[in-house]
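Secondary and tertiary structure notes
Below, each chain spelled out in residue letters.
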Amino acid sequence: IDEAAQNYQNAKSALDQGMNQEIRGAQTSLREAETEYVKSSRAYEQMKQERDNRTLQALLEQENALRSAYQEVENAKMEAGRAGAAVSEANLQRDIAIIERNSAAADLELAKKQLSQLRTDKNLDPTRRDELIENVNQRIAELEAQVATLDQNVDDGSKGARSAWSQQAQANISVGHANENL
């Protein structure tokens, strides 16, 4: 009985001091489980944060792409506007060249009529008539050179207008493509 009492006292004392193998094993298992829980919680939070960051990054990338597309549309519209203004300016310059050429051509025809009248005018002193004919011939030569130059200006103006129109058409196509990218 003494021995059983002693065993009981030893077991009770070990139990009170936390020396019981089963309790110690359970405490160790509990600590290990708590450590694994903390590790798992941290891993979960880190994965969640990474997912949120990737989602946020993807949204930021989409927003930047959308802003870039809107900017592309605005740039294309501005370029189309500039091209439209260039078409108007080229058409104006061509029209001015046509008016100047037509005016010079009309002056040339008038000078030719004047020359014809001078040649047939018998009322003028022959010396004076020859002098006037020489002046009109010089004026005709000047006007012919001017008409030739103005013809070239009209051709250049027409080419410039066609080129500007082509650039405007290309700019309008760019606007369409930019709008499609939205």
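Residues numbered from 1 in each chain as written. Predicted model: local features only at pLDDT ≥ 70, side-chain atom pairs only at ≥ 80, totals over all residues. Heavy atoms only, no water.

Before going further, it helps to spend a moment on the pattern of salt bridges. As enumerated under the stated definition, the model contains eight salt bridges in all. Of the charged contacts in the structure, one is a salt bridge between Asp95 and Arg94, with a shortest N-O distance of 3.1 Å. For Asp95, a relative accessible area of 33% gives the class partly exposed. Residue Arg94 is classed as partly exposed on the basis of its relative accessible area of 22%. (Salt bridge = Lys/Arg side-chain N within 4 Å of Asp/Glu carboxyl O. Buried < 20%, exposed > 50% of the residue type's maximum accessible area, 1.4 Å probe, protein only.)

The next thing to look at is the environment of Gly25. Take Gly25: it is sitting in helix 2 (residues 21-120). A relative accessible area of 33% places Gly25 in the partly exposed class. Considered as a pair, Gly25 and Leu60 are 35 residues apart in the sequence and their alpha carbons are 52 Å apart. (Helix = DSSP H or I, 4+ residues; strand = E, 2+ residues; numbered from the N terminus.)

Averaged over every residue, the pLDDT of the protein chain is 86; residues scoring 70 or more account for 93%. Here helix 1 (residues 2-16) is the element of the protein chain with the lowest mean pLDDT, 78, and helix 3 (residues 126-181) is the one with the highest, 89. (pLDDT = per-residue confidence, 0-100.)

One broad trend across soluble globular proteins is that nonpolar side chains are buried collectively. Ranked by size, the top nonpolar core spans 11 residues in total: Ala104, Leu108, Ala111, Leu115, Leu118, Ile133, Val136, Ile140, Leu143, Val147 and Leu150. For this core, the elements supplying multiple residues, two or more each, are helix 2 and helix 3. Counting residues per element, this core draws most heavily on helix 3, at six residues. Sequence-distant contacts of Leu115, that is, excluding residues within four places in its chain, are made with Ile133, Val136, Asn137 and Ile140. In terms of nonpolar packing, the next biggest core, distinct from the first, is built from seven residues, Val73, Ala76, Ala83 and Val175 among them. (Core = buried A, V, L, I, M, F, W, Y, C linked by side-chain atoms within 4.5 Å. Contact = heavy atoms within 4.5 Å.)

Here the focus is the side chain of Arg129. Inspection of the secondary structure puts Arg129 in helix 3. Buried and without a salt bridge, Arg129 has Asp130 as its closest oppositely charged side chain, separated by 4.6 Å. A distance of 3.1 Å separates a polar side-chain atom of Arg129 from the backbone oxygen of Asp121. Leave out the neighbours within four places in its chain, and Arg129 touches Leu118, Arg119, Asp121, Lys122 and Leu124. (Lys, Arg positive; Asp, Glu negative; His and termini not counted. Polar contact = N/O pair within 3.5 Å; in protein donor to acceptor, adjacent residues only side chain to side chain.)

Our next topic: the environment of Val175. Relative to the helices and strands, Val175 resides in helix 3. With a relative accessible area of 13%, Val175 lands in the buried category. For the pair formed by Val175 and Lys77, sequence separation is 98 residues and the distance between their alpha carbons is 5.9 Å. With sequence-adjacent residues up to four places away left out, Val175 is seen in contact with Ala76, Lys77 and Ala80.

On to the environment of Met78. Within the secondary structure layout, Met78 lies in helix 2. According to the relative accessible area criterion, Met78 is partly exposed, its value standing at 47%. Along the primary structure Met78 and Thr35 are separated by 43 residues, whereas in three dimensions their C-alpha atoms are 63 Å apart.

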